[in-house]
Amino acid sequence: MRQQALLGAAFLLYCSCGGVEESPSEENQLLIPEQGDSLELPSQTFPLDQALQNQSLWGASDSSGAVLIGGTGGFYQLGDTELTQLGTQSVYSAIHISGQGFLFNMGDKLSIWNGNKLLDSPLNQFVKVSQDSEMAALGQLFVVAGEEALFIFDGGQQLLQFSELAASKSLSIDTAGQLIAGLSPQGPFLLRKQGDKYQLQMLADEISMSEVFSVFQGQAIGLSDTQMMRRIEQEGRVRWLAMALGKDASAPAIAQRIVPDTDSRALWIFTPSGVTRLVDQGRRASSVEVSMNLQNLNSAFGLNGALWLNDGLNLTRIGNPGPAVSFATTILAFHEKNCARCHVPGGLGRSLQNYSEWVENIDSAIEQLDQGTMPQDGAALLEGTVELLRRWRADGLRP
Ligand code: HEC
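Conventions used here
Residues numbered from 1 in each chain as written. Predicted model: local features only at pLDDT ≥ 70, side-chain atom pairs only at ≥ 80, totals over all residues. Helix = DSSP H or I, 4+ residues; strand = E, 2+ residues; numbered from the N terminus. Domains from an automatic or database assignment. Near = placed C-beta within 6 Å. Nonpolar A, V, L, I, M, F, W, Y, C, P; charged D, E, K, R; others polar. Pairing = 2+ DSSP bridges. Axes fitted to C-alpha atoms, helices over the stretch in contact; angles between N-to-C directions. pLDDT = per-residue confidence, 0-100. Contact = placed C-beta atoms within 7 Å. Expected span 1.5 Å × (residues − 1). Bend = angle between axes of the 7 residues up to and from the residue. Buried ≥ 20, exposed ≤ 12 C-beta atoms within 10 Å, placed from the backbone. Parallel < 35°, antiparallel > 145°, perpendicular 65-115°, else oblique. Left-handed = near helix turned anticlockwise from the far one by under 90°. Core = buried A, V, L, I, M, F, W, Y, C linked by C-beta atoms within 7 Å. Arc of directions from axis to C-beta.

What to know about the overall build of the chain
Check the secondary structure of the chain and you find 5 helices and 30 strands. Judged by the C-alpha coordinates and their principal axes, the chain covers about 65 × 55 × 45 Å.

Written out as structure tokens, the structure is:
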């Protein structure tokens, strides 16, 4: 875990934001999640081949949910109960790009895994990578932090190049592809999409960060010392507010590590007392049972709405197998078949027609279906049962 010099009390931090005046009440302002629960997620352990033991591992998945796992000992396909080797080459990081396949960082070049064999990537003409080069992807949009510059590509066409962001770490892309965050050697940065360009904002004069992420729409969240902070920009005014991880939090949360899952739009926060999952733009915090020692992990990553923990000998998935259930692809159709005849604006029941209304009522909806009180007209459920809603909640209430 990276360590940063102690910065003092959280509320002192945003006093350094240029030109920002703080009123006393705002100094103690703490962002508290609106909803919280504790989750028991299914967990499954996959023993690691000797070739994959005691090293940092990555995971990447395509839209069908096929998962590849790899490291310096080769790359593997995840099956129902075990990992099957696909290749013995060292792969230092990997992403999946829609319509193109998996892009592998081989340490000195980029290769494409097309499901059968490794092909040289045309990107090698202009991107120079090292073993430490990081990447991030969302659909067709992807970012590679090479040795000489950071590149943003959309569908394989070079869009933009930022030499000041060479060798950046902890790259992430927010839900809508509007914001890219990372940690450059000069400090944390944001790249904000404007038309077909990205505007670079260096944050070093706002705050010091050991991690920075943007998986929630238009929001940057980071770790400053061990305090989770969120960047709020309103009317040209920037503030970093401390975040709590529970409703009853009397003190800001101490976080040791943040693991993002761009795909399901969740953040997994490691604290001294366990793991908390933040979803729905941070409005919902769930404490998650993890029966593993989190202090000695070789690596951890978020993928398909699940948290993946590597202790050197085993890889453990906390969460459901397969792709995460999402509102757009599944829950909306379930709603239209079963609930929409009453739960619309002006209907018999409260409006449940969009994502946030569903998120707000999900616990109560599951309770109603468990008790058999909904649908109120007693009609049989079509295209899914309460298990679908439970699964959506477990997978991180993905939009
Ligand atoms: C025939 C009409 C009808 C259908 C169909 C229906 N509901 Fe309801 N529902 C109601 C009414 C009326 C209420 C009471 C008013 C309210 O709280 O919205 C209600 C209440 C609720 C509540 C609030 C319960 C509480 O007290 O907290 C939830 C949650 C809910 N429904 C979920 C659902 C879900 C999910 C579906 C579809 C699987 C569904 N309902 C289908 C009519 C219906």
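After that view of the structure, there is still more to cover.
Some remarks on the domain arrangement of the chain
Entries for the chain in the domain assignment read domain 1 (3-318) and domain 2 (327-394). Taking only C-alpha atoms, the centre of domain 1 and the centre of domain 2 are 32 Å apart.

Points about the site of the ligand
Every one of the 16 residues lining the ligand counts as a neighbour, but C339, C342, G349, R350 and P375 are closest to it. Counted by class, the shell around the ligand contains 6 nonpolar, 7 polar and 3 charged residues.

Looking at the sheet that holds strand β6 (residues 74-78)
Strand order in the open sheet formed by 4 strands is β4-β5-β6-β7, and the pairing between neighbours is antiparallel. Where the open sheet ends on each side, the last strands, each with one partner, are β4 (58-61) and β7 (83-87). If you compare each strand with its neighbour and ignore which way they point, the axes differ by 30° on average. Summarising the sheet, strand β5 (residues 67-71) and β6 pair through 4 bridges and their orientation is antiparallel. Note that in β6 the partner of G70 across the bridge is F75.

Considerations on the sheet that holds strand β19 (residues 197-202)
Sheet architecture is open: 4 strands sit in the order β16-β17-β18-β19, paired in antiparallel fashion. Two strands lie at the open edges of the sheet, namely β16 (169-173) and β19, each paired on one side alone. Geometrically, the sheet is characterised by an average inter-axis angle of 15° between neighbouring strands, direction not taken into account. Sheet topology places β16 next to strand β17 (residues 179-184); 3 bridges connect them, and they run antiparallel. Its bridge partner lying in β17, S172 is registered against A181.

A closer look at the confidence of the model for the chain
When pLDDT is averaged along the chain, the result is 88, and 91% of the positions lie at 70 or above. Scored below 50 in pLDDT, residues 1-25 makes 32 contacts in the model with residues more than four places away or belonging to other chains.

Description of helix α4 (residues 355-371)
Helix length check: α4 (17 residues) gives 23 Å between terminal C-alpha atoms against 24 Å at 1.5 Å per residue, within 8%. The largest bend in α4 is about 60°, located at I362. Listing the buried residues of α4 in full gives W358, V359, I362, A365 and L369. Looking at the buried positions of α4, the neighbouring elements they touch are β27 (284-288), α3 (327-338) and α5 (386-394).

Notes on the packing of α4 against α5
Two elements in contact, α4 and α5, have axes separated by 9 Å at closest approach and are oriented at 155°. As summarised for this structure, α4 and α5 are arranged roughly antiparallel, according to the angle between their axes. Of the two elements, α4 crosses α5, and the hand of that crossing is left-handed. Here I362, A365, I366, L369 and D370 of α4 lie close against α5, whose contacting residues are V386, L389, R390 and R393. Split by residue class, the contact of α4 with α5 holds 6 nonpolar, no polar and 3 charged.

Details of the environment of Q295
Secondary-structure assignment places Q295 in the loop between β27 and β28 (299-303). Sequence separation between Q295 and K197 is 98 residues; the distance between their C-alpha atoms is 41 Å.

Focus on the nonpolar core
Counting residues in each nonpolar core, the largest one holds 101 residues, and the members touching the most others are V143 and I269. Domain assignment of the residues forming this core places at least three in each of domain 1 (3-318) and domain 2 (327-394). Apart from the residues within four sequence positions on either side, V143 is in contact with M135, A136, L150, F151, I152, L171, I173 and I180.

So, the environment of A266
If you trace the backbone, A266 turns up in strand β25 (residues 266-271). Residue A266 is classed as buried on the basis of its 28 C-beta neighbours within 10 Å. Taking the C-alpha atoms as reference points, A266 and Q194, separated by 72 residues in sequence, lie 25 Å from one another. The residues contacting A266, other than those within four sequence positions of it, are D261, R277, L278, V279, G302, G305 and G396.

Looking at the pairing of β5
Among the 5 residues in β5, 5 count as buried, and that is most of the element. With burial as the criterion, each face of β5 is covered, one bearing V67, I69 and G71 and the other bearing L68 and G70. Note that β4 and β5 share 4 bridges and pair antiparallel. Bridging from a neighbouring strand, A60 pairs with L68 of β5. Taken together, β4 and the strand that follows it, β5, pair antiparallel across an intervening segment of 5 residues, in which G65 is found at a positive phi of about 95°.

Examining α3
Where α3 is concerned, the buried positions are I331, F334 and H335. Along the long axis of α3, the arc covered by the buried residues comes to 100°, so they all point the same way. Within α3, the exposed residues directed more than 90 degrees away from the buried face are A328 and T329.

What about unusual backbone geometry?
Residue M374 is joined to P375 through a cis peptide bond whose omega torsion reads -10°. Mapped onto the fold, P375 is located in the loop between α4 and α5. At A167, a residue that is not glycine, the phi angle is positive and equals roughly 60°. Following the sequence through the fold, A167 ends up in the loop between β15 (157-162) and β16.

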